[in-house]
Amino acid sequence: MANKVENATNYIKARLGQGGPIDVALILGSGLGIMAEEIENPVVIPYDEIPHFPQSTVEGHKGQFVIGELQGKRVMAMQGRVHFYEGYPMAQVTFPVRIFQALGIKTLFLTNAAGGVNVDYLPGDLMIIKDHINFAFDNPLMGPNEETLGPRFPDTSRTYSKSLIKIARSSGKHLGMALKEGVYLFNTGPTYETPAEIRMARILGADAVGMSTVPEAIAAAHSGMKVMGISLITNMAAGILDQPLSHAEVVETADRVKQAFIQLVKLIVERMEGND
Ligand code: HPA
């Protein structure tokens with residue numbers, strides 16, 4: 001694995017040429033990829049040019065890195081991510097995080113579209129991820145540990161950076177947004193959940209449910225990166241409303257809220273300090 005990461009990273013470094021260190025890596029979820037268009041002086045690297053890089057197969061996910069400036073920071077955004085439900089092993093799903101680590105990026109900003117499990121939520125809400133539940137019964141760190149990447153038994157009790165959460169809260173306040181804060185539960189997908197599974201998720205302490213983010217957060221915790229996560233609640237999870245779930249609703253809500261979401265992400269990135 002280390003070799004593959006090195007090959008991929010070397011390719012990206014060659015494409016970037018000279019350029020300072022990258023401050024923040026951004027993973028943009030369903031319908032949120034448009035945020036990458038805000039990045040100035042961009043270098044665009046499609047995933048299919050990068051050695052060993054898993055290809056995203058989801059509609060609406062572009063599949064490229066966009067590297068450039070955002071709010072005075074140097075950022076590397078993923079326009080489209082790789083999901084576990086696409087059939088990739090977890091270690092492949094988290095391959096991009098290993099590239100970020102190899103590039104020396106210290107902060108990972110994760111975004112996703114999620115279903116609202118908490119009945120006080122509404123479609124269109126933005127939720128700061130305070131913690132997660134890995135409900136996939138798999139883990140990207142399974143198998144021999146690569147000591148050069150991180151410890152065998154990493155602490156995940158502080159995966160989501162308290163200082164970054166504070167910045168997110170104050171940014172939300174500044175923008176007049178009533179941000180939610182909650183626990184994200186990761187299901188493998190690609191099925192949306194059953195109503196019984198959502199009742200279970202609520203009993204377990206989940207506020208939102210989705211099919212991404214947790215593998216990347218675990219790999220980032222292993223690598224010692226700081227993590228910030230925001231979920232866009234695109235729909236109420238199964239069984240809460242008397243209506244079927246659909247990808248169309250997810251995309252529609254993401255479309256409706258993306259401008260507010262972009263504003264929030266930009267302000268958080270602007271307010272991040274080197275040592276957050
Ligand atoms: N469940 C799982 N993943 C999701 C959902 C959901 O309701 N909405 C958006 N992604």
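What counts, and where the lines are drawn
Residues numbered from 1 in each chain as written. Predicted model: local features only at pLDDT ≥ 70, side-chain atom pairs only at ≥ 80, totals over all residues. Heavy atoms only, no water. Near = heavy atom within 4 Å. Polar contact = N/O pair within 3.5 Å; in protein donor to acceptor, adjacent residues only side chain to side chain. Areas by Shrake-Rupley, 256 points an atom, 1.4 Å probe, with all protein chains shown as cover. 1 Å grid on protein atoms, 1.4 Å probe; cavity = no way out; pocket = protein on both sides within 12 Å on 5 of 7 lines; lining within 4 Å. Sits in = over half its atoms within 2 Å of the grid points. Helix = DSSP H or I, 4+ residues; strand = E, 2+ residues; numbered from the N terminus. Phe/Tyr/Trp six-rings, centres within 6.5 Å; stacked < 30°, edge-to-face > 60°. Buried < 20%, exposed > 50% of the residue type's maximum accessible area, 1.4 Å probe, protein only. Contact = heavy atoms within 4.5 Å.

(A) Expanded view of the site of the ligand. The full set of residues close to the ligand is Ala113, Ala114, Gly115, Tyr192, Glu193, Val209, Gly210, Met211, Thr234, Asn235, Leu245 and Val250. The contact in question runs from a nitrogen atom of the ligand to an N or O atom on the backbone of Ala113, over 3.4 Å. Contact between the ligand and Asn235: a nitrogen atom at 2.7 Å from a side-chain N or O atom of the residue. Here the ligand, which alone exposes 260 Å², has 95% of that area covered by the protein. Counting atoms within 2 Å of the grid points, the majority share of the ligand lands in the largest pocket. Among the elements of the structure, strand S5 (107–116), strand S8 (208–210) and strand S9 (226–236) are those that each provide at least two residues to the shell around the ligand. No other element matches the 3 residues that S5 contributes to the shell around the ligand.

(B) Region of interest: the packing of aromatic side chains. Taken as a whole, this structure holds 6 aromatic pairs when the rule is applied. Between Tyr47 and Phe53, the aromatic rings sit 4.5 Å apart at their centres with planes inclined by 25 degrees, giving stacked as the arrangement. In this structure, Tyr47 and Phe53 share a single accessibility class: buried. Each member of the aromatic cluster is reached from another via a ring pair, and the members are Tyr47, Phe53, Phe65, Phe95 and Phe100.

(C) Examining the environment of Ile12 more closely. The topology assignment puts Ile12 in helix H1 (residues 2–16). A relative accessible area of 0% places Ile12 in the buried class. Discounting residues that sit within four places of it in the chain, Ile12 has contacts with Ile45, Ile50, Phe65, Met76, Ile99 and Leu103.

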